[in-house]
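Structural characterization, general
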Amino acid sequence: MTIKIDGKALADEIVQRVANDVSIFKQEHSIAPGLAVVLIGEDSASAVYVRNKVRRAEQAGLRSIEHYLSADATQQELEDLIDDLNKDHLVHGILVQLPLPAHLSENRVIEAISPVKDVDGFHPENVGRLVAGQAALTPCTPLGCMIMLKRLLPDLSGKHAVVLGRSNIVGKPMANLLLQANCTVTVVHSRTQNIESLCRTADILVAAVGQPLLVKESWVKPQAVVIDVGINSVLVEGKRKLVGDVDYNTVFSKVSAITPVPGGVGPMTIACLMQNTLKAAQFQLGMSLA
Ligand code: NAD
């Protein structure tokens with residue numbers, strides 16, 4: 001029987017655990033771990049994500065501070081704000097909601113964030129640490145996928161994992177985490193030939209391409225575990241609906257386990273952001289990052 005991986009329930013469990021650790025942190029240090037979320041412009045999807053993050057932060061007992069800049073904010077204004085947050089001892093994690101308006105440089109913004117406060121794990125120092133197998137702040141989405149996978153398959157050693165997509169945010173860090181867990185990893189992307197047959201060799205298939213319902217039943221190996229990172233808004237009979245990169249309905253009965261969209265990877269990403277904020281705060285106050 002196929003397992004529908006309940007990302008929401010697992011995320012609730014993680015947030016509860018973070019909340020317990022946060023209350024210990026507060027007793028020891030007399031402050032709450034602080035998360036600063038910066039939103040530039042009026043992208044409605046980003047505004048929804050930020051609201052969800054703030055709500056979860058409250059549940060976890062974190063102090064969350066939101067900063068809203070207008071869509072025409074300059075690079076300097078944004079970097080000045082990040083500089084202030086880097087220096088603020090009450091802020092332990094900084095998240096700048098991406099994507100940025102086109103006139104701003106994402107790379108410069110990412111590099112401006114102090115690596116110890118980089119709860120998204122996008123700073124080159126954290127990326128390098130992840131690739132080198134050292135303790136790091138790890139990007140939240142792949143981290144959430146790994147937690148789900150390990151819960152399902154405690155020993156991932158020797159499994160063939162195929163990662164669909166090679167973005168800095170999902171595909172590349174996902175591939176590195178799977179490698180660290182001793183999987184044999186193949187990364188496929190928009191220029192890969194024979195994508196379908198490569199995916200069909202996967203024991204674990206992680207889809208992160210942003211292409212609605214791309215992965216069909218013929219793309220998956222029987223009994224594979226499928227993690228669908230995609231969040232795509234599509235029109236169905238005149239109504240907006242969220243679907244993943246995987247054609248869930250046709251794939252479901254062929255695989256051993258699969259994440260739904262919504263309710264799979266999405267909630268885990270936010271839970272891992274809470275976990276990373278606590279970890280960053282603990283590190284800044286003397287604990288190790290491991
Ligand atoms: P991206 O656009 O930065 O990268 C997409 C990758 O997919 C690229 O490497 C590209 O080469 C590859 N690709 C595109 N079309 C392809 C095709 N037809 N065949 C093979 N490869 C193809 O996207 P991203 O930021 O990695 O996000 C991917 C998806 O995951 C999006 O739907 C996004 O909304 C979603 N996402 C979800 C979460 C979450 O929390 N659930 C977090 C981040 C991203």
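Residues numbered from 1 in each chain as written. Predicted model: local features only at pLDDT ≥ 70, side-chain atom pairs only at ≥ 80, totals over all residues.

A few points about the pairing of strand E3 (residues 63-69)
Every other side chain in a regular strand lies on the same face of the sheet, so the side chains alternate between the two faces. The following threshold applies: Strand pairing follows a simple DSSP-based rule, namely that at least 2 bridges must link the two strands. For helices the rule is a DSSP run of H or I covering at least 4 residues; for strands it is a run of E covering at least 2, with both sets numbered from the N terminus onward. Clockwise travel from the first strand over the helix to the second, with the strands pointing away from the viewer, marks a crossover as right-handed.
The sheet contact formed by strand E2 (residues 34-40) and E3 spans seven bridges and is parallel. Bridge pairing links leucine 39 to tyrosine 68 in E3. Regarding the hand of the β-α-β motif, the stretch spanning E2, helix H2 (residues 44-60) and E3 is right-handed.

Describing the domain arrangement of the protein chain
The line we're drawing: Where each domain starts and ends follows an automatic or database-derived domain assignment.
For the protein chain, the assigned domains are domain 1 (29-114) and domain 2 (140-266). Between the C-alpha centres of domain 1 and domain 2 the distance comes to 28 Å.

Some words on the site of the ligand
To keep it simple, the criterion reads: To decide whether a residue is near a molecule or strand, its C-beta atom is placed from the backbone and checked for lying within 6 Å of it. Put simply, Ala, Val, Leu, Ile, Met, Phe, Trp, Tyr, Cys and Pro go in the nonpolar bin, Asp, Glu, Lys and Arg in the charged bin, and everything else, Gly too, in the polar bin.
Lining the immediate environment of the ligand, one finds 23 residues, of which Gly165, Ser167, His189, Gly210 and Thr269 sit closest. In terms of residue count, helix H10 (residues 265-284) provides more of the shell around the ligand than any other element does, three residues in total. Taken together, the residues of the shell around the ligand break down into ten nonpolar, twelve polar and one charged.

Remarks on the UniProt feature "binding site: NADP(+)" (unreviewed entry) in the protein chain
Quick reminder of the rule: UniProt positions are given in the numbering used here, feature names are shortened, and annotations may be inferred rather than shown by experiment. To assign burial, the other C-beta atoms lying within 10 Å of each residue's own C-beta are counted, with C-beta atoms placed from the backbone; 20 or more indicates buried, 12 or fewer indicates exposed, and intermediate counts indicate partly exposed. Contact between two residues is assigned whenever their backbone-derived C-beta positions fall within 7 Å.
Here, UniProt's "binding site: NADP(+)" (unreviewed entry) annotation points to Gly165, Arg166, Ser167 and Ile231. Within the secondary structure, arginine 166 sits in the loop between strand E5 (160-164) and helix H7 (171-180). Overall, arginine 166 belongs to the partly exposed group, with 18 C-beta atoms counted inside 10 Å. Along the chain, serine 167 turns up in the loop between E5 and H7. Those residues in contact with serine 167 that lie beyond four places of it in its chain are Lys172 and Ala208.

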